[in-house]
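# Structure at a glance
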Amino acid sequence: MPDPPSPRADLGSKESTRSTDMGSRLGSLCETGSAILETLDLQDILSTVTERTRLLFEGSGAAVSFFEADSLELVVAGATGSLEGIRGARYPVEGTLSQLALQENRAVIDNDLPAEPFYEALVLDPGEPRTALAVPLRQRSGALGTLLVVGREGPAGFVQEDADLLDAFGHLAGLAIQNARILEVETARAEMSDSLRAESEDHITILQDLHAAEVAVASDLELDAVLQSVADRARELTSAAYGALGVLTPDGGGLELFITSGIDVEQRKRMGGPPKGLGLLGAVTHSKAPIRLNDMASDPRSAGIPGTHPGMTSFLGVPLRIGDRAFGNLYLTNKECA
(Lines give C-alpha, C1' and ligand atoms only; values in the text may rest on other atoms or scores of the structure.)
Protein backbone atom coordinates (compact mmCIF):
# COMPACT_ATOMS: atom_id res chain seq x y z
CA MET A 1 0.00 0.00 0.00
CA PRO A 2 1.42 3.45 -0.83
CA ASP A 3 1.93 5.83 2.06
CA PRO A 4 -0.50 8.75 2.42
CA PRO A 5 0.80 11.78 0.52
CA SER A 6 2.00 14.77 2.51
CA PRO A 7 -0.26 17.86 2.15
CA ARG A 8 1.35 20.48 -0.09
CA ALA A 9 1.07 24.23 0.15
CA ASP A 10 -0.02 24.60 -3.48
CA LEU A 11 -3.15 22.51 -3.39
CA GLY A 12 -5.33 25.60 -3.78
CA SER A 13 -8.35 27.00 -2.02
CA LYS A 14 -10.08 23.61 -1.63
CA GLU A 15 -7.31 22.35 0.69
CA SER A 16 -7.42 25.60 2.65
CA THR A 17 -11.15 25.13 3.10
CA ARG A 18 -10.60 21.59 4.41
CA SER A 19 -8.28 22.93 7.09
CA THR A 20 -10.58 25.72 8.21
CA ASP A 21 -13.67 23.50 8.37
CA MET A 22 -12.09 20.96 10.73
CA GLY A 23 -13.99 22.40 13.69
CA SER A 24 -17.27 22.29 11.78
CA ARG A 25 -16.76 18.67 10.76
CA LEU A 26 -15.71 17.71 14.28
CA GLY A 27 -18.92 19.27 15.60
CA SER A 28 -20.98 17.38 13.00
CA LEU A 29 -19.29 14.11 13.95
CA CYS A 30 -20.04 14.76 17.64
CA GLU A 31 -23.69 15.36 16.80
CA THR A 32 -23.75 12.17 14.72
CA GLY A 33 -22.12 10.25 17.58
CA SER A 34 -24.77 11.52 19.95
CA ALA A 35 -27.54 10.53 17.51
CA ILE A 36 -26.32 6.95 17.02
CA LEU A 37 -25.92 6.43 20.76
CA GLU A 38 -29.56 7.43 21.27
CA THR A 39 -30.84 4.35 19.43
CA LEU A 40 -30.27 0.63 19.77
CA ASP A 41 -31.58 -0.20 16.29
CA LEU A 42 -28.63 -1.67 14.38
CA GLN A 43 -29.87 -0.83 10.89
CA ASP A 44 -30.58 2.79 11.85
CA ILE A 45 -27.06 3.09 13.25
CA LEU A 46 -25.42 1.56 10.17
CA SER A 47 -27.41 3.81 7.86
CA THR A 48 -26.56 6.96 9.82
CA VAL A 49 -22.86 6.11 10.20
CA THR A 50 -22.29 5.34 6.52
CA GLU A 51 -24.32 8.23 5.08
CA ARG A 52 -22.89 10.88 7.43
CA THR A 53 -19.38 9.61 6.79
CA ARG A 54 -19.89 9.79 3.03
CA LEU A 55 -21.21 13.36 3.21
CA LEU A 56 -18.77 14.79 5.75
CA PHE A 57 -15.71 13.36 4.00
CA GLU A 58 -16.97 14.16 0.49
CA GLY A 59 -16.72 10.58 -0.71
CA SER A 60 -18.74 8.79 -3.35
CA GLY A 61 -19.58 5.94 -0.98
CA ALA A 62 -19.07 4.52 2.51
CA ALA A 63 -19.44 1.09 4.11
CA VAL A 64 -19.27 -0.68 7.48
CA SER A 65 -17.83 -4.20 7.41
CA PHE A 66 -17.70 -6.71 10.27
CA PHE A 67 -14.64 -8.94 10.61
CA GLU A 68 -15.26 -12.68 11.10
CA ALA A 69 -12.18 -14.25 12.69
CA ASP A 70 -13.24 -17.85 11.92
CA SER A 71 -13.43 -17.34 8.15
CA LEU A 72 -10.96 -14.41 7.96
CA GLU A 73 -13.58 -12.53 5.97
CA LEU A 74 -15.18 -9.11 6.04
CA VAL A 75 -18.97 -8.92 5.77
CA VAL A 76 -20.45 -5.64 4.51
CA ALA A 77 -23.22 -4.86 7.01
CA GLY A 78 -24.09 -1.35 5.84
CA ALA A 79 -23.28 0.71 2.76
CA THR A 80 -24.34 3.90 1.01
CA GLY A 81 -23.69 5.90 -2.15
CA SER A 82 -21.54 4.18 -4.75
CA LEU A 83 -20.98 1.24 -2.37
CA GLU A 84 -24.66 0.54 -1.69
CA GLY A 85 -24.64 -2.41 -4.08
CA ILE A 86 -22.07 -4.35 -2.04
CA ARG A 87 -24.22 -4.54 1.11
CA GLY A 88 -24.19 -8.17 2.26
CA ALA A 89 -21.04 -9.05 0.29
CA ARG A 90 -18.33 -11.22 1.86
CA TYR A 91 -14.67 -11.06 0.88
CA PRO A 92 -11.27 -12.13 2.28
CA VAL A 93 -9.62 -9.59 4.54
CA GLU A 94 -6.14 -10.63 3.40
CA GLY A 95 -4.27 -7.86 1.56
CA THR A 96 -6.94 -5.18 1.98
CA LEU A 97 -6.82 -1.68 3.39
CA SER A 98 -9.17 -2.85 6.14
CA GLN A 99 -6.73 -5.57 7.19
CA LEU A 100 -4.01 -2.94 7.69
CA ALA A 101 -6.39 -0.73 9.70
CA LEU A 102 -7.35 -3.68 11.93
CA GLN A 103 -3.81 -5.02 12.39
CA GLU A 104 -2.26 -1.65 13.20
CA ASN A 105 -5.35 -0.27 15.00
CA ARG A 106 -5.21 3.04 13.13
CA ALA A 107 -6.67 4.96 10.22
CA VAL A 108 -5.16 4.05 6.84
CA ILE A 109 -5.23 6.11 3.63
CA ASP A 110 -4.73 4.83 0.10
CA ASN A 111 -5.09 7.43 -2.65
CA ASP A 112 -4.09 5.02 -5.41
CA LEU A 113 -6.28 1.94 -5.01
CA PRO A 114 -5.39 -1.22 -6.94
CA ALA A 115 -7.32 -1.67 -10.18
CA GLU A 116 -8.56 -5.17 -9.27
CA PRO A 117 -12.37 -5.07 -9.66
CA PHE A 118 -13.15 -6.60 -6.26
CA TYR A 119 -10.48 -5.04 -4.07
CA GLU A 120 -12.24 -4.24 -0.76
CA ALA A 121 -15.37 -5.50 -2.61
CA LEU A 122 -15.33 -2.20 -4.51
CA VAL A 123 -16.77 -1.86 -7.98
CA LEU A 124 -15.73 1.68 -8.83
CA ASP A 125 -16.99 3.35 -11.98
CA PRO A 126 -14.43 4.24 -14.68
CA GLY A 127 -12.95 7.62 -13.90
CA GLU A 128 -14.08 7.56 -10.24
CA PRO A 129 -11.27 8.69 -7.89
CA ARG A 130 -9.47 5.61 -6.59
CA THR A 131 -9.09 7.03 -3.10
CA ALA A 132 -10.02 5.36 0.18
CA LEU A 133 -9.80 5.86 3.94
CA ALA A 134 -10.38 2.97 6.37
CA VAL A 135 -10.59 3.14 10.18
CA PRO A 136 -11.11 0.41 12.77
CA LEU A 137 -14.48 0.28 14.52
CA ARG A 138 -13.43 -0.20 18.13
CA GLN A 139 -15.48 -1.95 20.76
CA ARG A 140 -14.80 -2.56 24.45
CA SER A 141 -12.42 -5.41 23.59
CA GLY A 142 -10.60 -4.97 20.29
CA ALA A 143 -12.11 -4.03 16.94
CA LEU A 144 -15.31 -5.43 15.42
CA GLY A 145 -14.61 -4.32 11.84
CA THR A 146 -13.94 -1.24 9.75
CA LEU A 147 -15.56 1.93 8.43
CA LEU A 148 -14.52 2.73 4.86
CA VAL A 149 -15.11 5.83 2.74
CA VAL A 150 -14.04 5.99 -0.91
CA GLY A 151 -13.98 8.24 -3.97
CA ARG A 152 -12.91 11.61 -2.62
CA GLU A 153 -11.98 14.00 -5.41
CA GLY A 154 -9.19 16.55 -5.42
CA PRO A 155 -5.43 16.58 -5.99
CA ALA A 156 -4.64 15.23 -2.52
CA GLY A 157 -7.52 12.77 -2.06
CA PHE A 158 -7.78 11.95 1.64
CA VAL A 159 -5.30 13.66 3.98
CA GLN A 160 -4.11 13.02 7.54
CA GLU A 161 -6.64 15.47 9.00
CA ASP A 162 -9.42 13.31 7.51
CA ALA A 163 -7.82 10.21 9.01
CA ASP A 164 -7.58 11.74 12.50
CA LEU A 165 -11.23 12.89 12.48
CA LEU A 166 -12.68 9.64 11.16
CA ASP A 167 -10.50 7.58 13.51
CA ALA A 168 -11.93 9.47 16.50
CA PHE A 169 -15.47 8.95 15.19
CA GLY A 170 -14.74 5.22 14.83
CA HIS A 171 -14.63 4.93 18.63
CA LEU A 172 -18.23 6.20 19.02
CA ALA A 173 -19.53 4.30 15.98
CA GLY A 174 -18.00 1.03 17.19
CA LEU A 175 -19.49 1.46 20.65
CA ALA A 176 -22.98 2.18 19.29
CA ILE A 177 -22.84 -0.79 16.90
CA GLN A 178 -21.62 -3.12 19.65
CA ASN A 179 -24.47 -2.07 21.94
CA ALA A 180 -27.04 -2.70 19.20
CA ARG A 181 -25.57 -6.10 18.29
CA ILE A 182 -25.57 -7.23 21.93
CA LEU A 183 -29.19 -6.17 22.28
CA GLU A 184 -30.12 -8.18 19.17
CA VAL A 185 -28.46 -11.29 20.61
CA GLU A 186 -30.06 -10.89 24.03
CA THR A 187 -33.48 -10.25 22.51
CA ALA A 188 -33.18 -13.38 20.38
CA ARG A 189 -32.14 -15.43 23.41
CA ALA A 190 -35.11 -14.13 25.38
CA GLU A 191 -37.42 -15.28 22.61
CA MET A 192 -35.90 -18.76 22.41
CA SER A 193 -37.24 -20.21 25.64
CA ASP A 194 -38.85 -19.27 28.93
CA SER A 195 -35.85 -20.63 30.85
CA LEU A 196 -33.53 -18.06 29.25
CA ARG A 197 -35.91 -15.13 29.36
CA ALA A 198 -35.20 -13.94 32.92
CA GLU A 199 -31.43 -14.09 32.45
CA SER A 200 -31.61 -12.26 29.12
CA GLU A 201 -33.90 -9.58 30.52
CA ASP A 202 -31.32 -8.91 33.23
CA HIS A 203 -28.61 -8.58 30.58
CA ILE A 204 -30.78 -6.22 28.53
CA THR A 205 -31.44 -4.04 31.59
CA ILE A 206 -27.71 -3.80 32.32
CA LEU A 207 -26.99 -2.96 28.68
CA GLN A 208 -29.65 -0.26 28.59
CA ASP A 209 -28.30 1.29 31.81
CA LEU A 210 -24.76 1.32 30.38
CA HIS A 211 -26.06 2.71 27.11
CA ALA A 212 -27.90 5.51 28.91
CA ALA A 213 -24.68 6.53 30.66
CA GLU A 214 -22.83 6.62 27.34
CA VAL A 215 -25.58 8.74 25.80
CA ALA A 216 -25.34 11.22 28.67
CA VAL A 217 -21.62 11.71 28.04
CA ALA A 218 -21.88 11.89 24.24
CA SER A 219 -24.89 14.21 24.17
CA ASP A 220 -23.33 16.89 26.39
CA LEU A 221 -21.73 18.94 23.63
CA GLU A 222 -21.02 21.99 25.82
CA LEU A 223 -17.23 21.94 25.68
CA ASP A 224 -16.59 23.58 29.05
CA ALA A 225 -18.95 21.14 30.78
CA VAL A 226 -17.34 18.12 29.10
CA LEU A 227 -13.82 19.28 30.03
CA GLN A 228 -14.87 19.99 33.62
CA SER A 229 -16.31 16.47 33.88
CA VAL A 230 -13.10 14.98 32.50
CA ALA A 231 -10.92 16.95 34.94
CA ASP A 232 -13.13 16.15 37.95
CA ARG A 233 -13.37 12.45 37.11
CA ALA A 234 -9.62 12.14 36.52
CA ARG A 235 -8.90 13.79 39.89
CA GLU A 236 -11.37 11.51 41.68
CA LEU A 237 -10.03 8.34 40.06
CA THR A 238 -6.42 9.17 40.99
CA SER A 239 -7.21 10.56 44.48
CA ALA A 240 -5.40 13.79 43.57
CA ALA A 241 -5.97 17.00 45.51
CA TYR A 242 -5.86 19.24 42.42
CA GLY A 243 -6.30 18.83 38.70
CA ALA A 244 -6.35 21.01 35.60
CA LEU A 245 -7.00 20.61 31.90
CA GLY A 246 -5.73 23.01 29.25
CA VAL A 247 -6.66 23.27 25.55
CA LEU A 248 -4.22 24.97 23.17
CA THR A 249 -5.12 27.86 20.88
CA PRO A 250 -5.28 26.92 17.16
CA ASP A 251 -1.71 28.19 16.61
CA GLY A 252 -0.43 26.28 19.66
CA GLY A 253 1.02 29.44 21.18
CA GLY A 254 -0.94 29.37 24.44
CA LEU A 255 -3.99 27.99 26.21
CA GLU A 256 -7.44 28.83 24.88
CA LEU A 257 -9.24 27.06 27.75
CA PHE A 258 -8.03 26.26 31.26
CA ILE A 259 -10.25 24.15 33.55
CA THR A 260 -9.35 23.49 37.20
CA SER A 261 -10.63 20.86 39.65
CA GLY A 262 -10.34 20.75 43.44
CA ILE A 263 -9.66 24.50 43.67
CA ASP A 264 -12.29 26.78 45.19
CA VAL A 265 -13.60 29.89 43.46
CA GLU A 266 -11.53 32.37 45.51
CA GLN A 267 -8.31 30.44 44.96
CA ARG A 268 -9.07 30.22 41.25
CA LYS A 269 -9.51 34.01 41.05
CA ARG A 270 -6.14 34.55 42.78
CA MET A 271 -4.46 32.29 40.23
CA GLY A 272 -5.34 34.72 37.44
CA GLY A 273 -4.97 33.78 33.77
CA PRO A 274 -3.98 30.39 32.38
CA PRO A 275 -0.38 29.14 32.64
CA LYS A 276 2.06 30.05 29.88
CA GLY A 277 2.64 26.39 29.03
CA LEU A 278 6.33 26.49 29.95
CA GLY A 279 8.31 24.06 32.06
CA LEU A 280 6.59 20.83 32.97
CA LEU A 281 3.28 21.77 31.37
CA GLY A 282 4.98 22.46 28.07
CA ALA A 283 6.85 19.16 28.35
CA VAL A 284 3.57 17.30 28.97
CA THR A 285 1.81 18.94 26.01
CA HIS A 286 4.51 17.93 23.54
CA SER A 287 5.21 14.52 25.04
CA LYS A 288 3.72 11.32 23.62
CA ALA A 289 3.63 9.64 27.04
CA PRO A 290 2.53 10.58 30.58
CA ILE A 291 5.01 12.29 32.92
CA ARG A 292 4.92 11.12 36.56
CA LEU A 293 6.96 12.73 39.35
CA ASN A 294 7.10 12.32 43.13
CA ASP A 295 8.50 15.84 43.54
CA MET A 296 7.92 18.48 40.85
CA ALA A 297 10.65 20.79 42.17
CA SER A 298 13.35 18.14 41.67
CA ASP A 299 12.74 17.87 37.92
CA PRO A 300 15.01 20.07 35.76
CA ARG A 301 12.06 20.93 33.48
CA SER A 302 10.14 22.56 36.32
CA ALA A 303 9.83 26.34 36.01
CA GLY A 304 8.56 26.73 39.55
CA ILE A 305 5.05 27.32 40.95
CA PRO A 306 3.58 30.86 41.05
CA GLY A 307 2.87 32.10 44.57
CA THR A 308 -0.84 32.47 43.78
CA HIS A 309 -1.14 28.72 43.07
CA PRO A 310 -1.68 26.06 45.74
CA GLY A 311 1.43 24.16 46.82
CA MET A 312 2.13 21.18 44.58
CA THR A 313 4.54 18.27 45.01
CA SER A 314 3.64 14.99 43.30
CA PHE A 315 2.64 15.31 39.64
CA LEU A 316 1.01 13.27 36.87
CA GLY A 317 0.65 14.89 33.43
CA VAL A 318 -0.98 13.43 30.31
CA PRO A 319 -0.87 14.96 26.80
CA LEU A 320 -4.15 15.42 24.89
CA ARG A 321 -3.68 14.34 21.27
CA ILE A 322 -5.56 13.35 18.12
CA GLY A 323 -3.11 11.41 16.00
CA ASP A 324 0.18 13.32 16.00
CA ARG A 325 -1.43 16.66 16.79
CA ALA A 326 -1.21 18.05 20.35
CA PHE A 327 -4.37 19.76 21.65
CA GLY A 328 -3.45 20.37 25.28
CA ASN A 329 -2.71 18.65 28.57
CA LEU A 330 -4.31 17.19 31.69
CA TYR A 331 -2.36 17.22 34.93
CA LEU A 332 -3.03 16.08 38.50
CA THR A 333 -1.07 16.91 41.65
CA ASN A 334 -0.74 15.96 45.32
CA LYS A 335 -2.11 12.42 45.38
CA GLU A 336 -3.97 11.93 48.63
CA CYS A 337 -3.00 8.75 50.50
CA ALA A 338 -5.66 6.72 52.26
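Residues numbered from 1 in each chain as written. Predicted model: local features only at pLDDT ≥ 70, side-chain atom pairs only at ≥ 80, totals over all residues. Heavy atoms only, no water.

So, about the overall build of the protein chain. When its secondary structure is counted, the protein chain shows 9 helices and 11 strands. Going through the 338 residues of the protein chain one by one, you find that 45% of them count as buried. Sequence separation of 24 or more characterises 57% of the internal contacts of the protein chain that already satisfy a separation of 6 or more. Entry remark: accessible area of the protein chain is about 17100 Å², with carbon and sulfur atoms responsible for 54%. (Helix = DSSP H or I, 4+ residues; strand = E, 2+ residues; numbered from the N terminus. Buried < 20%, exposed > 50% of the residue type's maximum accessible area, 1.4 Å probe, protein only. Contact = heavy atoms within 4.5 Å. Areas by Shrake-Rupley, 256 points an atom, 1.4 Å probe, with all protein chains shown as cover.)

Strand β11 (residues 325-335) sits mainly inside the fold: 8 of its 11 residues count as buried. Relative to β11, strand β7 (residues 240-248) is paired through 7 bridges, and the arrangement is antiparallel. Bridge assignment links L245 to a residue of β11, and that residue is L330. (Pairing = 2+ DSSP bridges.)

Our next topic: the sheet that holds strand β2 (residues 73-81). Pairing is antiparallel in the open sheet, where 6 strands are placed in the order β3-β2-β1-β6-β5-β4. Either end of the sheet is taken by a strand with one partner, and the two such strands are β3 (90-92) and β4 (108-110). Between one strand and the next, the sheet's axes are offset by a mean angle of 25°, whatever the strand orientation. For strand β1 (residues 61-68) and β2, the ladder comprises 8 bridges, and the chain directions are antiparallel. Within β2, the position partnered with A63 by the bridge is A79. Of the strands in this sheet, β1, β2, β3, β4, β5 (132-138) and β6 (143-150) touch helix α4 (residues 97-104), which is tilted by about 40° from β5. (Axes fitted to C-alpha atoms, helices over the stretch in contact; angles between N-to-C directions.)

Quick look at the environment of E161 now. By the element assignment, E161 lies in helix α5 (residues 160-192). Note on E161: relative accessible area 18%, which makes it buried. Spatially, the C-alpha atom of E161 lies 9.4 Å from that of R325, the residues being 164 residues apart in sequence.

Bringing the side chain of E128 into the picture now. When you line up the elements, E128 lands in the loop between β4 and β5. Buried and unpaired, E128 has R130 as its nearest opposite-charge partner, separated by 7.2 Å. Among the polar contacts made by the side chain of E128, one reaches the side chain of S82 at a distance of 3.5 Å. (Lys, Arg positive; Asp, Glu negative; His and termini not counted. Salt bridge = Lys/Arg side-chain N within 4 Å of Asp/Glu carboxyl O. Polar contact = N/O pair within 3.5 Å; in protein donor to acceptor, adjacent residues only side chain to side chain.)

What the rule picks out here adds up to 1 aromatic pair. On the numbers, 5.8 Å between centres and 25° between planes, the contact of F315 with Y331 is stacked. Of the two residues, F315 sits in strand β10 (residues 315-322) while Y331 sits in strand β11, which places them 16 residues apart along the sequence. Over the ring of F66 we find R181; its NZ or CZ atom is 4.0 Å from the centre of that ring. (Phe/Tyr/Trp six-rings, centres within 6.5 Å; stacked < 30°, edge-to-face > 60°. Lys NZ or Arg CZ within 6 Å of the ring centre and 35° of its normal.)

So, on to the pattern of salt bridges. Summed over the entire model, instances satisfying the criterion amount to 9 salt bridges. When the shortest N-O distance is used, the salt bridge between E58 and R152 registers 3.4 Å. With E58 in the loop between α3 (42-56) and β1 and R152 in the loop between β6 and α5, this residue pair connects regions lying 94 residues apart in the sequence. For E58, a relative accessible area of 40% corresponds to the partly exposed category. Among the salt bridges present, the one from R301 reaches D299, with a minimum N-O distance of 2.9 Å. Taken together, the salt bridges that share partners define one network made up of E58, R152 and D162.

Among the 8 residues in β6, 7 count as buried, and that is most of the element. Bridging between β1 and β6 involves 6 bridges; their strand directions are antiparallel. Its bridge partner being in β6, G61 is matched across the sheet by V150. Bridging between β5 and β6 involves 7 bridges; their strand directions are antiparallel. Note that in β6 the partner of L137 across the bridge is G145.

As a further point, take α3. The end-to-end C-alpha distance of α3, which contains 15 residues, comes to 21 Å, matching closely the 21 Å that a straight helix rising 1.5 Å per residue would cover. The residue sitting at the N-terminus of α3 and contributing the capping side-chain oxygen is D41; that oxygen lies 3.2 Å from the backbone nitrogen of Q43. Once α3 finishes, E58 follows within two positions and takes phi at roughly 55°, a positive value. (Expected span 1.5 Å × (residues − 1).)

This part takes up the nonpolar core. Counting 29 residues, the largest nonpolar core has L133 and I177 as the members making the most contacts within it. Ranked by residues supplied to this core, first place goes to α5 with 8 residues. A63, Y91, L100 and A134 belong to the second largest nonpolar core, which has 21 residues in total. (Core = buried A, V, L, I, M, F, W, Y, C linked by side-chain atoms within 4.5 Å.)

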